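# Fold and contact review
Here is what each chain is made of, one letter per residue.
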Amino acid sequence: MPLYNEPSPLEVKVLTKRFGLPNSASIDTYLATDGYRAFMKAREMTPEQIIEEVKVSNLRGRGGAGFPTGMKWSFVPRTSPKPKYIICNADESEPGTCKDRLLMEFDPHQIIEGMMIAGLSVDSHKGYIYIRGEYRYLIEDLGKAIAEAYSRGWLGRNIQGTGFDFDVYTHTGAGAYECGEETALLDSIEGKRGIPRLKPPFPAVVGAWQSPTILNNVETYAAVPAIIRDGGAAFAALGTPKNGGTRLFCLSGHVNKPGVYELPMGFNLLRMINEVGGGMRNGKKLKAVIPGGSSCPVLKAEECDLAMDFDTVAKAKSMLGSGGVIIMDEDTCMVRCAVRIMKFYAHESCGWCIPCREGTSWLKKILVRFHSGQGEAADIDMIGDLSKSILGRTFCALGDAAAMPTISIVEKFRDEFEAHLNGTCPFEQKHELALV
Amino acid sequence: MTFSPELETRFAKMLESYPEGRQRSAVVPMLLYAQDEVGEVSQELIEEVAKRCRVTPLQVDEVVGYYSMLHKRPLGKYHVQVCTNISCLLVGGEELFEHACRKLGLGNKEVTGDGLISVEEVECIGACSWAPAILLNYDFHHFVTPEKLDRLIADLERTRKAQ
Amino acid sequence: MPDSVTLTIDGKSVKAPAGMLLIDAAKQAGIEIPSFCYYEGLSLQAACRMCLVEIEKAPKLMVGCTTPVAEGMVVHTDSPTVAAARKSTLEFLLTNHPLDCPVCDKGGECELQDMVFRYGAGESRFREMKLHVDEKQWSPVVFYDGPRCILCYRCVRICDEGMGVGALGIINRGAISEIAPNKGDHLECDECGECIDICPVGALTSGTYRYKTRPWEMEHVGTICTHCSNGCKTTLGVRNGHIIRGNNRDRSGINGEFLCIKGRYAFDFIDSAERMQSPLKRVGANFEPISWGEALEIVAKTFAEVKSRGGKFGVIGSNHTTNEENFYLQKFARQGLGTANIDHHRTGDIPTLLDALSGKTESLATTDAVYHAKSLLIVASDLSQQHPLLAFQIRANKRHHNARIYVVTPGPVREDKYAAKSVRAAEGAEIQALEGLRESLKLEGDLVILFGDAVKGDAVRQLVAFGDSLGIPVKYVPLVDYSNSRGASDMGLLPDLLPGYQAAPERGLDYNDMLAAADLDVLWVVGANPLKDHALASTGAFVVVQDLFLTETAKRADIVLPGASAYEKNGTVTNVTGEVQRLKAGAKVIGAKPDLEIMGLLAKELKFNLGIWRYDKVLEEIRATVLGYNVPLPLLAAGSAAQTMPVNGRDSAEFNPGQIRSSRDTLFTSGTLGRYSKMLSSVLEAPGALYRGE
């Protein structure tokens, strides 16, 4: 299986260490390279010890919110008489993000093992991998991996004689960004529209099918075997304080070597662009970066000299998000980017709450009109103002996700909006040239 | 309604994979897989899925319109899905979509007269680092240029002639 | 957790029960937190975001409808931030809303209008194209206008949670989301119109009301529905003497906002073309209209003549007419005509129940008790079809208090869905079937038993004995069918019992016997239709009928007197749970007279001294003389319900099973009245059937 992009020598390969091995997805390769050792080790640990190890690792949710994983697991009530479920969020849909795909394609057993360890930590015996519908081939790939694991006694009843039972199933989505929101995913897996739920109760207490549920991103589970195997402290040491381990960064946009790279938490963004990504395409200058998927506020070039961990990026008033690093050069029309981002959120708004449903749809219309040269000066403030009327007032974070990049683009690139007021997009010609 | 033996086997396994009494969980996967086989989500299919998952047809219908991949009318045998979201946009995704439309003489979500090819502008498909990207049915194609797309379409059209 | 907490809302110190939602706590303190999707009694949505408030120390605005109060919480509902949030939410809402208020049915009663008036901006910055979809008709009574819809999901919830039907859903996603009916392009449901009533805007409108009037042109008259025995309060919208609308938007009365199809729409019978507007006199095979004066004179003369020669009268009263009319009728019969031959079409064995319950004064359940009981047992009734309010109360009880429901019926019923246990038992085998529930029922905290007409005579006594044997508090609801079935029984329209179930000095002929008596000289039928399914044996009898329509019975009459319907008269009626409520005249049909007035005029003609025939005077007499009916007048005047407790010592009821016949009405039929409601028969669900389940 050829990789989609050349690895970088700067990578620190923990989760991706098997990428590029022959038959990296097979259970034989997995077993030959420490596979399922962490599960056997965890089997000897108490649930408290497992959770403690994950806490020590400073692993934070890789889906985008960055919530400490160990803490999340500790919220599951031990004494609940209900069955508990381990759900893997493989609904990877945040624009700019394409890492979970690789983890599932090249090392599926690592994810299964991570889920099994989560199962051990809360006495759960059933796991579901919720995969976005577009990733059909991965459902087949994972199905194969799961079948292998069953046939070799790594899933099912009395796994390897340990007395522990665990089943894993896949579940396909059918095209809805909102289902990446964890409670919307729960409604979706229950066969309903993917509408987020009221919180509390949180999924740890009332999750799938009214039962306590651990829900994590693919990359989060994939990190767990290494944490248990080599110790939480070792994992934590790879990153920065409170930001343990490595992260799969997805470089996209105007760099010479776009690709998915595993780098330590806290890796400098400019180095990421220049050294890992091979610098800007066509010798152009960097204009802006969206550091963690399209929901995050944009950073101007001069703001990009920063460590890519949750806290540092937050300090720069953006977010590390999902690891989708979207890089834009000097010829990029930021208004056009704002249009496309808002189109996306308007299309994906589930429609549940008014500010998101109506706000994103209205903003999309204004931005499309504006970019086509039909804008007026008053529109610029209105775009910012309407976005702020969505921010923090919606049922779930999708409204914020639509508002934050928009607000940042209006604030940081107001001149580009103003340049559209004379009836045309000033970047149109440059853009066409850049594509040739 | 019955489906192919393979699909029936898949559905039987699928219904068993959820906790007891939670057959409703199979609604979305069942719709998607059945659509792949029969081409569209018809009223008959909605009622069939409702029966199998023990919900009302309305509860199934609510789901159909919610998920972008489910559609109530047939798309082409080959469905060309061009991503124009931000990462693809930066490297020509929108131009690629326009090119596909022009080439096929189709608008968004339209189907060629013979039902062979349809085209759709889609949201991020998770190929951002290898953009621009398209999905041809469920197959990913990365770093797609207009020329590469032309070749793909020409290949598809050859299957039409072969028929 | 302490029982109550103290918080500050807009500088005001407020005490509220722990766990109470902020929006309710504020309301209690007289502070309105606006909302669209929040609806008391239905599940929480937090979707409309109108109720965003500022809570000190919270990082962002919080929703008042899902945030519980907490000790020391400091809330601002009137800050500039909150005002701006409300204004922007409304601005968002109005982007795709058509603003066709001048022609919208909801204009003047629209919550969105009110909100914009109070919190919104008159001016919108929206200059783009609005989304549009065409209006759809889902049934003869339900229309949906998508662009007006604000997606508060109240309709979806009331249909699913309140009605147990689930006929409405949400289709599509995002800004193009819409409400959709269960059958693709149309509805198949109870057609109750709850969805229309609960809609805060003009998205759901009523087929019978739309485009007929502006709300402020109507007089709003709160009265009681005349169709079934549940006694729902309905507010009639009356213009120029015509009823245009029925609803209960103010949630007054025992039914809250609930009304079924009959209460909401089936008032149209009063304006039926077949409604009689003049007294009729038989001339050969035909009828001839005559004046009221002439008609009353003929009747009075015949009555006097028959009385003077000791002839035989038969009097059949109504289970639709008021308590005052029923009381007056039995007095007329017993004291005026000197006959004990008086009865009505009975649909439940109330006398036997009261006899069996003698000495137990707290054993009759109210409609409210049905909502609060810890467990309920439904015997021999398709409750959702026959007693829709009681079924609604039970669903609400299940939803809000997790009541346990037991069902013993001959066929499937909607309640099976919620039941802890459902048992199928053929008619007559119900009591035996109860044994299977004994052990479960013994563990319940308390129980309300609702039983249909199939349980009568000894079966009622066995049922009470079963209830007694459980060792838990048990209350009963004898399920009778018509709007004043209970009142007819209580007021002594019985051949052996006087008002209040006092033993009559002599026992007269009962309903069946009167019709079967070959020597009956006069049959006087007030608001009933016995000849629909009985023959009149006495071919020579002089027959007087008071009714709205030329029914099978009226067609046999010598003199027909056009009566007024419940919607055209004042008085009181007693519902299935023994609660007395007031009828208030709304409509006026020219030529027809309330039955009390007709009887009063007849009494005057006959020189009977039966007292003043004004309803309030008769009610005075009822309150003073009928056991259990000393109900507080202010309660009635305020439009509330007053429970009667006619449980006394033993009564001398003699059981005759042939007398008790259910109407077997469904949600879509209503005895004789239903036949004259075009609307009722226009829905595709009509006439419906019992025990068909879901």
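Here the residue numbering is sequential within each chain, running from 1 through the sequence in written order. Written order determines the labels here, with chains lettered from A and ligands numbered from 1. Reporting of local features is limited, given that this is a predicted model, to residues whose pLDDT is at least 70; pairs of side-chain atoms are given and counted only at 80 or more, and all residues count toward the totals for whole chains, interfaces and linings.

### Observations concerning the interface of chain A and chain B
Residues are scored as being in contact if the C-beta atoms we place from backbone atoms lie within 7 Å. Tallying the contact residues gives 51 residues for chain A and 39 residues for chain B. Helix numbers and strand numbers start at the N terminus; a helix is a DSSP run of H or I with at least 4 residues, a strand a run of E with at least 2. Of the residues forming the side of chain A that touches chain B, the biggest block, 6 residues, is contributed by helix 13 (residues 334-348) of chain A. A class-by-class count of the residues in the side of chain A that touches chain B yields 22 nonpolar, 20 polar and 9 charged. Under the scheme applied, nonpolar residues are Ala, Val, Leu, Ile, Met, Phe, Trp, Tyr, Cys and Pro; charged residues are Asp, Glu, Lys and Arg; polar residues are all the others, including Gly.

### Here's the deal with the packing of helix 13 of chain A against helix 14 (residues 354-374) of chain A
Residues and elements named next belong to chain A. Only C-alpha atoms enter the line fits that serve as axes; for helices the fit covers just the stretch in contact. Angles between N-to-C directions range over 0 to 180 degrees. The geometry of helix 13 relative to helix 14 is characterised by a closest axis approach of 9 Å and an angle of 150° between their N-to-C directions. Compared by their axis directions, helix 13 and helix 14 come out roughly antiparallel. The chirality of how helix 13 crosses helix 14 is left-handed. In this structure, helix 13 uses Val 335, Arg 336, Ala 338, Val 339, Met 342, Lys 343, Tyr 345 and Ala 346 to contact helix 14, whose residues at the interface are Thr 360, Ser 361, Leu 363, Lys 364, Leu 367, Val 368, Phe 370 and His 371. Grouping the amino acids of the contact of helix 13 with helix 14 by side-chain chemistry returns 10 nonpolar, 3 polar and 3 charged. By the definition adopted for this analysis, an angle is roughly parallel if under 35 degrees, roughly antiparallel if over 145, roughly perpendicular if from 65 to 115, and oblique otherwise. Definitions for this section: a left-handed crossing has its near helix turned counterclockwise from the far helix by less than a right angle. A right-handed crossing has that turn clockwise.

### Focus: the sheet that holds strand 12 (residues 233-239) of chain C
All names here are of chain C. One bridge is not enough; two strands pair if DSSP finds at least two bridges between them. If you trace the 3 strands from one edge of the open sheet to the other, you get 11-12-13, paired in antiparallel fashion. The open sheet is flanked by strand 11 (219-224) and strand 13 (242-247), the only strands paired with a single partner. Averaged over all neighbouring strand pairs, the angle between strand axes comes to 35°, with direction disregarded. Bridge count between strand 12 and strand 13: 5 bridges; the pairing is antiparallel. Residue pairing for strand 13: Arg 239 is matched across the bridge by His 242.

### Digging into the interface of chain C and chain B
Every contact between the two is made by 9 residues of chain C and, on the other side, 8 residues of chain B. When residues of the side of chain C that touches chain B are assigned to their parent elements, the largest contribution, 3 residues, is made by strand 8 (residues 168-171) of chain C. In terms of residue class, the side of chain C that touches chain B is made up of 3 nonpolar, 5 polar and 1 charged.

### Description of the sheet that holds strand 2 (residues 110-111) of chain B
Residue and element names in this part refer to chain B. With respect to topology, 5 strands assemble into an open sheet ordered 2-3-1-4-5, the strand pairing being mixed. Across the chains shown, the open sheet's two edge strands, defined by having one partner strand only, are strand 2 and strand 5 (139-141). Two elements, strand 1 (residues 78-83) and strand 4 (residues 134-136), share 3 bridges in a ladder whose sense is antiparallel. Across the sheet, Val 82 pairs through a bridge with Ile 134, a residue of strand 4. The strands touched by helix 6 (residues 93-104) are strand 1 and strand 3 (117-122); relative to strand 1, the strand with the most contacts, the crossing angle is about 150°.

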